[in-house]
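# Tertiary structure, described
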Amino acid sequence: MMLKGSIPVFELLACNVACLAIAVVYYAWSDVYVQSRRREKLNDRVAYMLWVAANRTS
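Residues numbered from 1 in each chain as written. Predicted model: local features only at pLDDT ≥ 70, side-chain atom pairs only at ≥ 80, totals over all residues. Heavy atoms only, no water.

## Concerning the overall build of the chain
Broken down by element type, the chain carries 1 helix and 0 strands. Taking all 58 residues of the chain together, the buried fraction comes to 2%. As displayed, the chain has an accessible area near 5,800 Å², and 68% of this comes from carbon and sulfur atoms. (Helix = DSSP H or I, 4+ residues; strand = E, 2+ residues; numbered from the N terminus. Buried < 20%, exposed > 50% of the residue type's maximum accessible area, 1.4 Å probe, protein only. Areas by Shrake-Rupley, 256 points an atom, 1.4 Å probe, with all protein chains shown as cover.)

Shown next, in the form of structure tokens:
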């Protein structure tokens, strides 16, 4: 059902689906990026801790 000057329901649905798809892709990418940064930071801290421990024994 379309009135004169109104937007078809399909266009509204397509716009909402597109927005949802963009949000899902962004949040999935963000989650992977945050996890990799957290792991990298942990690796750096462990490496520094081992370096300090090795220098103390020398």
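## Here we look at the pattern of salt bridges
Applying the stated rule across the entire model yields 1 salt bridge. The salt bridge partner of R37 is E40, with a shortest N-O separation of 3.2 Å. Placement of both R37 and E40 in helix α1 (residues 9-57) is noted, with a separation of 3 residues, approximately one turn of the helix. Judged by its relative accessible area of 37%, R37 is partly exposed. Judged by relative accessible area, E40 falls into the partly exposed class, the value being 41%. (Salt bridge = Lys/Arg side-chain N within 4 Å of Asp/Glu carboxyl O.)

## Points about the state of the cysteines
Inspection of every chain in the model, using the stated rule, returns 0 disulfides. In this structure C15 is a free cysteine whose sulfur lies 4.3 Å from that of C19, the closest cysteine sulfur available. (Disulfide = S-S within 2.5 Å.)

## Observations regarding a nonpolar patch on the surface
A cluster of nonpolar residues, Y26, Y27, W29, Y33 and V34, forms a patch on the protein surface that exposes about 600 Å² of accessible area. By the secondary structure assignment, Y33 is in helix α1. Judged by relative accessible area, Y33 falls into the partly exposed class, the value being 43%. (Patch = residues over 30% accessible without salt bridge, like charges linked within 9 Å, V, L, I, M, F, W, Y side chains within 5 Å.)

## Overview of the packing of aromatic side chains
Within the structure shown, the criterion is met by 4 aromatic pairs. Aromatic side chains W29 and Y33 sit 5.4 Å apart centroid to centroid with 10 degrees between the ring planes, which places their arrangement in the stacked category. Within this pair, W29 and its partner Y33 are both found in helix α1, separated by 4 residues, close to a single helical turn. One aromatic cluster is present, formed by Y26, Y27, W29 and Y33 through successive ring pairs. (Phe/Tyr/Trp six-rings, centres within 6.5 Å; stacked < 30°, edge-to-face > 60°.)

Geometric descriptors of this kind do not, in isolation, establish any biological role.
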